[in-house]
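Okay, here's what each chain looks like letter by letter:
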Amino acid sequence: MKLQQQINTKGYAIFPIENMKLFEKLRNSVTCKIFNKREKNINLLRRKMAKMSNIDINKSMINLLSFSEGSELMINSCQNIVKELCGKELFIQRRANTIFNLPGKEQRRQWPHYEMMSGISPFTYVIWAPFHDLDDNGGVYYFDKKESYKIMKKEYLKGIVNGPYILKMKNKKKPMKLKFGEAIVFDPFILHGNIAFESEFARIACSIRFQSAKKPLMQRNTDFLKYFKIN
Ligand SMILES: [Fe+2]
């Protein structure tokens, strides 16, 4: 099934990253900023990160601020997929997100949410990719389109968006286990989040939001997005 068809049906699709050289460059640049040194063994870094304090995690996020090429690297490593969904002329997130998920019950989590709640347009897509194999439950779970819409409609009838109904929902979804080199692309109506997990490793992933430059923007405008053309 073609990617667009898969997204139309399920709301998300898993695909192989086309340019691994660029994606590895992105991973190496990000990890170098986080840990202040070059280290190719990602599992060593993940193990180190699993033991980091919140203060050290915050310091790493500050170090990452000086890295601004993440969004182009991410889009260029998945050019054909992005072109298929949105064409060559795009608005892309100015800064691709680097996202950590630390093991242990006391760590912060992303509660179930739709990307739409953050003011992006309904024409936005998100690509999310881990920087390593995901063998444990440190990844992200996704409700498919049918399930997400059902929940969204229930909320709509109560006049709320991403409110207590979703926050208190008993989630039985398991995070996806992707391989390094695989990514997931999803639309902004898909409910997703992560769970507390046990592992000796932290999870490190990257995500980027993009849409066609010909489609309208919403609250998130050019403060958040920048014009970008795929060559
Ligand atoms: Fe999200």
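This one's a predicted model, so the numbers in the text were calculated from it and none came from an experiment. (Residues numbered from 1 in each chain as written. Predicted model: local features only at pLDDT ≥ 70, side-chain atom pairs only at ≥ 80, totals over all residues. Heavy atoms only, no water.)

A.B. asks: Break down the overall build of the chain for me, with residues and values.
C.D. replies: Summing up its helical and strand segments, the chain has 8 helices and 9 strands in all. Each of the three principal axes of the chain carries a C-alpha extent, and together these read 50 × 45 × 35 Å. Residue burial in the chain is summarised as follows: out of 231 residues, 49% are buried. Within the chain, residue pairs in contact and separated by at least 24 positions form 86% of the contacts whose partners lie at least 6 positions apart. Total accessible area computed for the chain in this model is approximately 12,000 Å², and 53% of it derives from carbon and sulfur atoms. (Helix = DSSP H or I, 4+ residues; strand = E, 2+ residues; numbered from the N terminus. Buried < 20%, exposed > 50% of the residue type's maximum accessible area, 1.4 Å probe, protein only. Contact = heavy atoms within 4.5 Å. Areas by Shrake-Rupley, 256 points an atom, 1.4 Å probe, with all protein chains shown as cover.)

A.B. asks: With reference to specific residues and values, describe the environment of Phe143.
C.D. replies: Inspection of the secondary structure puts Phe143 in the loop between β5 (141–142) and α7 (145–158). Phe143 gets classed as buried once you look at its relative accessible area, which sits at 8%. In this structure the C-alpha to C-alpha distance between Phe143 and Asn171, which are 28 residues apart in sequence, comes to 9.9 Å.

A.B. asks: Now, about the pairing of strand β6 (residues 182–186): what can you tell me, with residues and values included?
C.D. replies: The buried count for β6 comes to 4 of 5 residues, which makes it a mostly enclosed element. Where strand β4 (residues 125–130) lies against β6, 3 bridges are found, and the strand directions are antiparallel. Counted as the bridge partner of Trp128 is Ile184 from β6. (Pairing = 2+ DSSP bridges.)

A.B. asks: I'd like a description of the coordination of the iron ion, backed by residues and values.
C.D. replies: Distances from the iron ion to its protein donors, namely His113 (NE2), Glu115 (OE) and His192 (NE2), fall within the range 1.9 to 2.2 Å. When the donors of the iron ion are listed by position in the chain, the intervening gaps give H-x1-E-x76-H. Here His192 lies in strand β7 (residues 192–193) and His113 lies in the loop between β3 (97–101) and β4, a separation of 79 residues in the sequence. According to the relative accessible area criterion, His113 is buried, its value standing at 5%. Its relative accessible area of 4% is what places His192 among the buried residues. (Donors = N, O, S within 2.8 Å, 3.2 Å for Na, K, Ca; no water.)

A.B. asks: I'd like to hear about the environment of Gly159, residue by residue, with values.
C.D. replies: Looking at the element boundaries, Gly159 is found in the loop between α7 and α8 (164–167). Gly159 sits 117 residues away from Ile42 along the chain, and the two C-alpha atoms are 45 Å apart.

A.B. asks: Go over a nonpolar patch on the surface with me, naming the residues and quoting the values.
C.D. replies: A contiguous nonpolar surface patch, about 420 Å² in accessible area, is contributed by Trp111, Met117, Val161 and Leu167. The residue Met117 is located in the loop between β3 and β4 in this model. (Patch = residues over 30% accessible without salt bridge, like charges linked within 9 Å, V, L, I, M, F, W, Y side chains within 5 Å. Salt bridge = Lys/Arg side-chain N within 4 Å of Asp/Glu carboxyl O.)

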